[in-house]
Amino acid sequence: MRNEEDCPQTQRYLFCDTYLSDKGIDLSQNDIIKRFTNRNKSESYQKYITWKRKSNEIIVFTMYAYADLKINKEFDCIFNYDNPDEFVLEKFILTQSIYEGWVPTDIVDEGHKHLLVLKFENEIPKILFKLHKEETLGDTRPKIYTKLGFCNKKDFEAIATNIKKYHVLRKKYGMEYWKYVDEEI
């Protein structure tokens, strides 16, 4: 169990590559109902399977979480992973978590993938619609697709600097980039 304060500032972001369409949400909810036929149905389960997306909500697929995060975690920055100079400052709340895409919980577990419901104060920022729109329970991402990060603006400068360095080292050294992380750029 790793809490956010124990995580290096440069890594305090969630990495996202897909959002679910309304059709994808229906498929996800129905699949979870089937999987839970003979299982204990928690409050998180009930909340997710009865959830109807509002115009200021989106459900995204995030890769390995940097720390254990509780539901209702607030963020205020969304950035393009391949170009951190493209970012949006907008407050939003993580309201639901579906562990590994099929177990609704009240936490985001470090090191695991999740479907996350995000709720914005206003409308969903346009940058989110650059993500791949998934309409199945599979992975239909094209070979090249947009990846986004979610963080808080107090951490963003350190995160963006680190990601830019990663891109430079990766371009220069390929898969051996990690050997040169101490190199000044």
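The rules we used
- Residues numbered from 1 in each chain as written.
- Predicted model: local features only at pLDDT ≥ 70, side-chain atom pairs only at ≥ 80, totals over all residues.
- Heavy atoms only, no water.
- Pairing = 2+ DSSP bridges.
- Helix = DSSP H or I, 4+ residues; strand = E, 2+ residues; numbered from the N terminus.
- Phe/Tyr/Trp six-rings, centres within 6.5 Å; stacked < 30°, edge-to-face > 60°.
- Buried < 20%, exposed > 50% of the residue type's maximum accessible area, 1.4 Å probe, protein only.
- Salt bridge = Lys/Arg side-chain N within 4 Å of Asp/Glu carboxyl O.

Q: Help me out: how do you make sense of the pairing of strand S5 (residues 83-99) in this one?
A: Regular strands place their side chains on alternate faces of the sheet. Taken together, the 7 bridges between strand S4 (residues 73-80) and S5 define a ladder with antiparallel strand orientation. Bridging across to S5, Asn 80 finds its partner in Asn 83. Where S4 folds back on S5, the antiparallel hairpin that results is connected by 2 residues. Sheet topology places S5 next to strand S8 (residues 114-120); 7 bridges connect them, and they run antiparallel. Across the sheet, residue Leu 94 finds its bridge partner in S8, namely Leu 118. Of the pairings in the sheet, the one linking S5 to strand S6 (residues 103-105) comprises 3 bridges and is antiparallel in character. Opposite Ser 97, over in S6, you have Thr 105 as the bridge partner. Between S5 and S6, which pair antiparallel and follow one another directly, the connecting turn spans 3 residues, one of which, Glu 100, has a positive phi of 50 degrees.

Q: Looking at this structure, how should I read the packing of aromatic side chains?
A: Counting across every chain of the model gives 15 aromatic pairs. Ring centres of Tyr 81 and Tyr 166 lie 6.4 Å apart, and the angle between their planes is 50 degrees; this geometry places the pair in the tilted category. One end of the pair, Tyr 81, is in the loop between S4 and S5; the other, Tyr 166, is in helix H3 (residues 153-173), and 85 residues separate them in sequence. What makes Tyr 81 buried here is its relative accessible area of 13%. Between Tyr 166 and Tyr 177, the aromatic rings sit 5.0 Å apart at their centres with planes inclined by 85 degrees, giving edge-to-face as the arrangement. On the criterion of sequence distance, the pair formed by Tyr 166 in helix H3 and Tyr 177 in the segment after H3 is long-range, its members being 11 residues apart.

Q: What's the story with the pattern of salt bridges in this structure? I'm lost.
A: Between side chains of opposite charge, pairing is possible as soon as their charged atoms come close. Tallied over the entire structure, the rule returns 15 salt bridges. Across the pair Lys 73 and Glu 4 runs a salt bridge whose closest N-O atoms are separated by 3.0 Å. Taken as a pair, Lys 73 in strand S4 and Glu 4 in the segment before strand S1 (14-20) lie far apart in primary sequence, 69 residues in all. Glu 4 carries the same exposure label as Lys 73, and that label is buried. Residues Arg 141 and Asp 139 are paired through a salt bridge, measuring 2.6 Å at the closest nitrogen-oxygen approach. On the basis of relative accessibility, which here comes to 28%, the residue Arg 141 falls in the partly exposed class. One salt-bridge network, held together by shared partners, links Arg 12, Lys 154 and Asp 155.

It is worth stressing that arrangement in space is one thing and function is another; only the former is reported here.
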